[in-house]
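# Tertiary structure, described
The chain contents come next:
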Amino acid sequence: MAQQAEADLSSLLERLKAAQRELVLTAAKGTTLPSDGMLRKISELEGAIAATEALMQEEGVRR
């Protein structure tokens, strides 16, 4: 069961990073500052990435 949770968390982490990367690359293509909404979404994804990584570390320590 722990292996499945690790795989699920790893998959989630990759999806979150990919989504954030796409937003950052889109923002970089623009000639103006990104919108507040885009910046907020990038920030929210960073928080979700950090939380997922922390949970993965926590789960790794428990084993």
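In what follows, the structure referred to is the one given above.
Here's a quick rundown of the structure. This is a predicted model, so every value here is computed, not measured.

Calculation rules
Residues numbered from 1 in each chain as written. Predicted model: local features only at pLDDT ≥ 70, side-chain atom pairs only at ≥ 80, totals over all residues. Heavy atoms only, no water. Helix = DSSP H or I, 4+ residues; strand = E, 2+ residues; numbered from the N terminus. Buried < 20%, exposed > 50% of the residue type's maximum accessible area, 1.4 Å probe, protein only. Contact = heavy atoms within 4.5 Å. Expected span 1.5 Å × (residues − 1). Polar contact = N/O pair within 3.5 Å; in protein donor to acceptor, adjacent residues only side chain to side chain.

## What about the side chain of glutamine 20?
- Within the secondary structure, glutamine 20 sits in helix α1 (residues 2-29).
- Residue classification places glutamine 20 among the buried residues on the basis of a relative accessible area of 14%.
- If we ignore the near neighbours within four places in the chain, the residues touching glutamine 20 are Ile42, Leu45, Glu46 and Ile49.

## With respect to α1
- If you check α1, its first and last C-alpha atoms are 41 Å apart, about what 28 residues at 1.5 Å a residue would give, namely 40 Å.
- When we look at burial in α1, the residues that qualify are Leu9, Leu13, Leu16, Gln20 and Ala27.

## Overview of the environment of arginine 15
- Following the sequence through the fold, arginine 15 ends up in helix α1.
- Once the C-alpha coordinates of arginine 15 and methionine 56 are considered, the two residues, 41 residues apart in sequence, prove to be 15 Å apart.
- A polar contact of 2.8 Å, which involves the side chain of arginine 15, links it to the side chain of serine 11.

By themselves, these figures tell us nothing about what the structure is for.
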